[in-house]
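Here's the letter readout for the chains.
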Amino acid sequence: AQKVTQAQTEISVVEKEDVTLDCVYETRDTTYYLFWYKQPPSGELVFLIRRNSFDEQNEISGRYSWNFQKSTSSFNFTITASQVVDSAVYFCALSESTRGAGNMLTFGGGTRLMVKP
Amino acid sequence: GAVVSQHPSWVICKSGTSVKIECRSLDFQATTMFWYRQFPKQSLMLMATSNEGSKATYEQGVEKDKFLINHASLTLSTLTVTSAHPEDSSFYICSAPRASKGTQYFGPGTRLLVL
């Protein structure tokens, strides 16, 4: 069975600080997909990134960066120079490969990030 | 723009009534859709997999007679919460895989409050 663990339930930082959200996963599949989503107070999930298990290259998108390490089954997310608008709940999720990335997702418990001015 | 829609976005109902939630894929066909439930300050949990033309597959612990799923067409799945009770109050989110894009899209969610 697959499992996603986000050990940090809440993180509070002051604006402009860097913050890393941790994600550890478990799966028996050799092919799988990892995701990060942002959920603002409105509730709608905002897609941030998808990474497949064969691509361990780290990725940077603006202030966001992701560190994927298969050796430790981790897919951590870093926000550089955080802003108040980054305040939200962030979910890490895992999808097995049955239908590419279009299979059901197993979500972590989420990390609530609060960025204070 | 949105590629998966949900209707309604908000619903308040009395205990004992039934509520239908629609999930539509707007510009692609989805033979499979997923229904998730999220209680306040909790994560999203998969409830069921909706399959066009066949019965839905329910996750362990989800009552299929209470949460009726109908995938009547390639662009529409409905979730009906029958005889709703206050403990059914939650945020319900659907998603639809899009094979051509190798990903899936989430609807904006439906907040259900049962009084």
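Residues numbered from 1 in each chain as written. Chains lettered and ligands numbered in written order. Predicted model: local features only at pLDDT ≥ 70, side-chain atom pairs only at ≥ 80, totals over all residues. Heavy atoms only, no water.

Engineer: How do you make sense of the overall build of chain B when you look at a structure like this?
Structural biologist: Within chain B one finds zero helices and eleven strands. Along its sequence from the N terminus, chain B presents helices and strands in the succession β-β-β-β-β-β-β-β-β-β-β. Relative to the compact-globule value of 13 Å for 115 residues, chain B shows a C-alpha radius of gyration of 13 Å, a close match. A principal-axis box enclosing the C-alpha atoms of chain B has dimensions of 40 × 30 × 20 Å. Taken over 115 residues, chain B has a buried fraction of 52%. Put simply, 53% of the contacts in chain B that link residues at least 6 apart link residues at least 24 apart. (Helix = DSSP H or I, 4+ residues; strand = E, 2+ residues; numbered from the N terminus. Rg over C-alpha atoms; globule rule 2.2 N^0.38 Å. Buried < 20%, exposed > 50% of the residue type's maximum accessible area, 1.4 Å probe, protein only. Contact = heavy atoms within 4.5 Å.)

Engineer: Got a minute to help me understand the overall build of chain A in this structure?
Structural biologist: The helix and strand tally for chain A stands at zero helices and 13 strands. Helices and strands in chain A line up, N terminus first, as β-β-β-β-β-β-β-β-β-β-β-β-β. Expected size for 117 residues packed as a compact globule is a radius of gyration near 13 Å; at 14 Å, chain A falls within 12% of this value. Overall, chain A is about 45 × 30 × 20 Å in size when its C-alpha atoms are taken along their principal axes. Each of the 117 residues in chain A was classed as buried or not, and the buried ones make up 44%. In chain A, once contacts between residues fewer than 6 apart in sequence are set aside, the share between residues at least 24 apart is 57%. Accessible surface, chain A as shown: approximately 5,700 Å² in total, 48% of it carbon and sulfur. Positive and negative charge centroids in chain A, built from 11 and 13 side chains respectively, lie 3 Å apart. (Areas by Shrake-Rupley, 256 points an atom, 1.4 Å probe, with all protein chains shown as cover. Lys, Arg positive; Asp, Glu negative; His and termini not counted. Charge placed at Lys NZ, Arg CZ, Asp CG, Glu CD.)

Engineer: Whenever I open this one, the interface of chain B and chain A confuses me. Can you help?
Structural biologist: By convention, interface size is frequently given as the accessible area that disappears when the constituent parts associate. Each partner contributes residues to the interface: chain B has 19 residues there, and chain A has 20 residues. Both faces considered, chain B and chain A share a buried interface measuring about 1,500 Å² in area, 53% of it formed by carbon and sulfur atoms. Scanning the region where chain B abuts chain A turns up zero salt bridges. Counting the contacts that link chain B with chain A gives six residue pairs in polar contact (both at pLDDT 80 or more). (Buried area = accessible area lost by both parts, 1.4 Å probe. Salt bridge = Lys/Arg side-chain N within 4 Å of Asp/Glu carboxyl O. Polar contact = N/O pair within 3.5 Å; in protein donor to acceptor, adjacent residues only side chain to side chain.)

Engineer: Help me understand the pattern of salt bridges, please; the structure alone is not making it clear to me.
Structural biologist: In a structure, side chains of opposite charge can pair up when their charged atoms sit close to one another. All names here are of chain A. By the definition in use, this model includes six salt bridges over all chains. We note a salt bridge from Arg51 to Asp55, for which the minimum N-O separation is 2.9 Å. Note on Arg51: relative accessible area 6%, which makes it buried. Three or more residues joined by partner-sharing salt bridges are found here, namely Arg51, Asp55 and Glu59.

Engineer: Sorry, what's going on with the state of the cysteines here?
Structural biologist: By definition, a disulfide links two cysteine residues through a covalent bond between their sulfur atoms. A complete count under the given rule lists two disulfides over all chains for this structure. What pairs with Cys23 of chain A in a disulfide is Cys92 of chain A, and their sulfur atoms sit 2.0 Å apart. Taking the torsion about the sulfur-sulfur bond, which here is approximately -65°, the covalent link between Cys23 of chain A and Cys92 of chain A counts as left-handed. On the criterion of sequence distance, the pair formed by Cys23 of chain A in the loop between strand E3 (19-21) and strand E4 (24-26) and Cys92 of chain A in strand E10 (residues 88-96) is long-range, its members being 69 residues apart. In this structure, Cys23 of chain A and Cys92 of chain A share a single accessibility class: buried. A sulfur-sulfur separation of 2.0 Å characterises the disulfide bridge that pairs Cys23 of chain B with Cys94 of chain B. Disulfide Cys23 of chain B-Cys94 of chain B: torsion about the S-S bond near 80°, hence right-handed. Taken together, the residues span a long stretch of sequence, with Cys23 of chain B in strand E3 (residues 19-25) and Cys94 of chain B in strand E9 (residues 90-98) at a distance of 71 residues. (Disulfide = S-S within 2.5 Å.)

Engineer: Looking at this model, I keep getting lost on the nonpolar core. Mind explaining?
Structural biologist: A general tendency of soluble globular proteins is for nonpolar side chains to be buried together. The biggest cluster of nonpolar side chains holds 25 residues, and the ones touching the most others in it are Val4, Trp35, Phe67, Leu79, Tyr92 and Leu112 of chain B. Of all elements in the fold, only strand E2 (10-13), E3, strand E4 (32-38), strand E5 (44-51), strand E7 (67-73), strand E8 (76-81), E9 and strand E11 (110-114) of chain B reach the threshold of two or more residues within this core. When neighbours within four sequence positions are excluded, Phe67 of chain B is seen to be in contact with Arg37, Met47, Tyr58, Val62, Leu79, Thr80, Val81, Asp88 and Tyr92 of chain B. Among the nonpolar cores identified, the runner-up in size contains 24 residues, and Tyr64, Phe68, Phe77 and Leu94 of chain A belong to it. (Core = buried A, V, L, I, M, F, W, Y, C linked by side-chain atoms within 4.5 Å.)

Engineer: Help me understand the packing of aromatic side chains in this model?
Structural biologist: The way to describe two aromatic rings as a pair is by their centre distance and the angle between their planes. Counting across every chain of the model gives 18 aromatic pairs over all chains. Taking the centre distance of 6.0 Å and the plane angle of 80° together, the rings of Tyr64 of chain A and Trp66 of chain A count as edge-to-face. Classification of Tyr64 of chain A as buried rests on a relative accessible area of 16%. Among the aromatic residues, those joined into a cluster by ring pairs are Phe35, Tyr37, Phe47, Phe91 and Phe107 of chain A together with Tyr36 and Phe106 of chain B. Its end group placed over the ring of Phe91 of chain B, Arg111 of chain B keeps NZ or CZ at 4.3 Å from the ring centre. (Phe/Tyr/Trp six-rings, centres within 6.5 Å; stacked < 30°, edge-to-face > 60°. Lys NZ or Arg CZ within 6 Å of the ring centre and 35° of its normal.)

Functional significance is not addressed by these values, which are geometric in nature.
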